[in-house]
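Observations on the three-dimensional arrangement
Residue strings, one per chain:
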2 protein chains.
Amino acid sequence: MREANKIIPVREQIADQLRSDIISGKLAPNTKLNEQQLANRFGVSRGPVRDVLLQLTKEGLLVAKNNCGVSVNSVLDPSMQELMIDIRRRIEVHAIRNLKGKLTEMDFAELEDILERLQDAFDAQEFHEVTKADIDFHMYLIRAAGGDELVNLWYPIVLRMRMNYKRISDPKDCVDEHRAILDALKANKINVATTALRANIK
Amino acid sequence: MREANKIIPVREQIADQLRSDIISGKLAPNTKLNEQQLANRFGVSRGPVRDVLLQLTKEGLLVAKNNCGVSVNSVLDPSMQELMIDIRRRIEVHAIRNLKGKLTEMDFAELEDILERLQDAFDAQEFHEVTKADIDFHMYLIRAAGGDELVNLWYPIVLRMRMNYKRISDPKDCVDEHRAILDALKANKINVATTALRANIK
DNA sequence: AAAATGTTAAATGTCTACAATTTGTGGGTG
DNA sequence: CACCCACAAATTGTAGACATTTAACATTTT
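Residues numbered from 1 in each chain as written. Chains lettered and ligands numbered in written order. Predicted model: local features only at pLDDT ≥ 70, side-chain atom pairs only at ≥ 80, totals over all residues.

A few words on the protein's contact with DNA strand D. In the vicinity of DNA strand D there are 17 residues, among which Val10, Val44, Ser45 and Asn67 of chain A together with Gly69 of chain B approach most closely. Contributing elements (two or more residues each) for the surface near DNA strand D: helix H1 (10-23) and helix H3 (46-58) of chain A together with helix H2 (35-42) of chain B. (Near = placed C-beta within 6 Å. Helix = DSSP H or I, 4+ residues; strand = E, 2+ residues; numbered from the N terminus.)

Moving on, we come to the protein's contact with DNA strand C. Around DNA strand C there are 17 residues in total, and Glu35 and Gly69 of chain A together with Val10, Val44 and Ser45 of chain B lie nearest to it. When contributions to the surface near DNA strand C are tallied by element, the ones reaching two or more residues are helix H2 (35-42) of chain A together with helix H1 (10-23) and helix H3 (46-58) of chain B. It is H3 of chain B that contributes the most residues to the surface near DNA strand C, three residues altogether. Looking at side-chain class alone, the surface near DNA strand C contains six nonpolar, eight polar and three charged residues. (Nonpolar A, V, L, I, M, F, W, Y, C, P; charged D, E, K, R; others polar.)

Let's shift gears to the interface of chain B and chain A. Between chain B and chain A, the residue contacts involve 18 residues of the former and 18 residues of the latter. The set of elements that each furnish at least two residues to the side of chain B that touches chain A consists of H3, helix H4 (78-97) and helix H6 (127-162) of chain B. Residues of the side of chain B that touches chain A, tallied by class, amount to five nonpolar, eight polar and five charged. (Contact = placed C-beta atoms within 7 Å.)

Here we come to the relation of the copies chain B and chain A. Rotating chain B by 180° about the axis while translating it 0.0 Å along that axis superimposes it on chain A, leaving an RMSD of 0.1 Å. Viewed as a symmetry operation, the transformation between the two copies matches a two-fold axis. Most of the interface of chain B is mirrored in chain A: 100% of its interface residues are interface residues there too. (Least-squares fit on C-alpha atoms with pLDDT ≥ 70 in both.)

Now for the domain arrangement of chain A. Residue and element names in this part refer to chain A. Assigned domains of chain A: these are domain 1 (10-72) and domain 2 (78-200). Placing a centre on the C-alpha atoms of domain 1 and another on those of domain 2 gives a separation of 26 Å. Broken down by class, the residue content of the side of domain 1 that touches domain 2 amounts to three nonpolar, four polar and two charged. (Domains from an automatic or database assignment.)

Right, dumping it as structure tokens:
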């Protein structure tokens with residue numbers, strides 16, 4: 001194995017599950033979430049659930065009203081979507097520029113692994129896994145370039161954008177686009193990588 | 001009075017207080033925060049405090065390590081600061097463009113009030129109040145243009161940027177700059193307002 | 001009949017106690 | 001002397017009970 005087995009905290013697992021449910025559309029916009037029900041579903045008490053709901057609210061996936069609970073946020077209006085695409089491009093281009101020569105062979109191997117997961121998920125038509133691998137690929141670069149700080153800035157934007165992908169954008173070109181980015185990075189061709197990246201973010 | 005007296009939830013008060021302490025520098029970077037101590041200080045239990053710490057962590061003011069508590073985040077490195085200035089400008093310009101003709105007389109009156117607070121705070125040399133009024137001014141415009149959604153995107157960036165203002169930037173021109181923005185908005189001169197805005201964000 | 005008001009049920013907000021994890025310390029060993 | 005292991009103190013994570021607020025419904029009044 002590539003790294004030591006690390007345990008995943010309960011809250012993170014719950015958060016991941018809920019994020020998936022929201023982005024996949026299993027939880028439709030405006031769905032009200034009940035703390036007790038979620039606690040029962042995950043077999044924990046309301047404490048951790050509350051923490052997760054607060055997190056997802058800050059990430060923009062949920063909206064909270066005082067003493068009235070939280071519900072799934074609506075999709076972005078086109079103007080907002082446009083702004084977020086723009087910002088996301090800025091962030092990722094910034095990341096790539098700061099990455100010049102910083103990536104090791106181990107990093108490239110890790111990225112290849114993610115790309116392989118992406119390909120497999122696409123072949124198996126598991127679009128939800130495609131999305132996860134897609135996000136993982138970009139997140140790996142973001143984290144390598146700017147650490148958690150940059151990830152914290154980037155992640156909520158991506159999540160919010162993904163709420164709009166109601167199986168609209170086909171993942172047909174997804175693998176190729178990421179392959180292009182990775183190859184350019186390996187060759188240390190920053191401008192090529194930047195162009196490929198901009199094409200991928202839409 | 002301009003609007004109905006609304007009660008402020010406990011958590012919000014605690015959050016505001018801690019945000020102030022961090023931005024003003026009363027809580028230096030890397031200071032470790034103890035949940036129980038904070039609970040005692042505010043006269044509540046650890047529950048609400050935990051919620052607030054989670055919020056501020058998501059806002060980037062604090063950093064959390066699993067089972068190890070939270071501490072005040074460090075100041076941004078110059079590269080990050082540059083990126084954030086760029087993004088903040090994008091967001092605020094976007095807001096102003098979407099604001100064309102949407103502001104009512106009541107909005108302008110509200111903005112004038114904030115500007116007055118800014119002037120008073122400057123005259124009294126209360127720089128912390130200057131900062132608050134400054135943020136309020138921009139937030140009012142952001143919210144008017146894009147609602148809570150846009151505020152949620154914008155707020156963490158501003159907070160993070162403000163952690164760097166260790167009384168470096170003098171608030172000398174602050175009032176004038178905001179006056180210029182407001183006047184341009186009143187005259188519906190979007191391009192002028194945009195230019196004034198870009199000059200103010202630094 | 002419509003509007004306002006009182007009541008009730010259900011959800012969130014908060015508190016206390018307990019469990020689990022981490023960190024620092026001390027003693028032992030190579 | 002350095003290193004490692006075990007132990008203990010402190011802090012965070014979780015659970016369950018209680019308090020408070022909200023929203024809906026029934027009731028009363030005009």
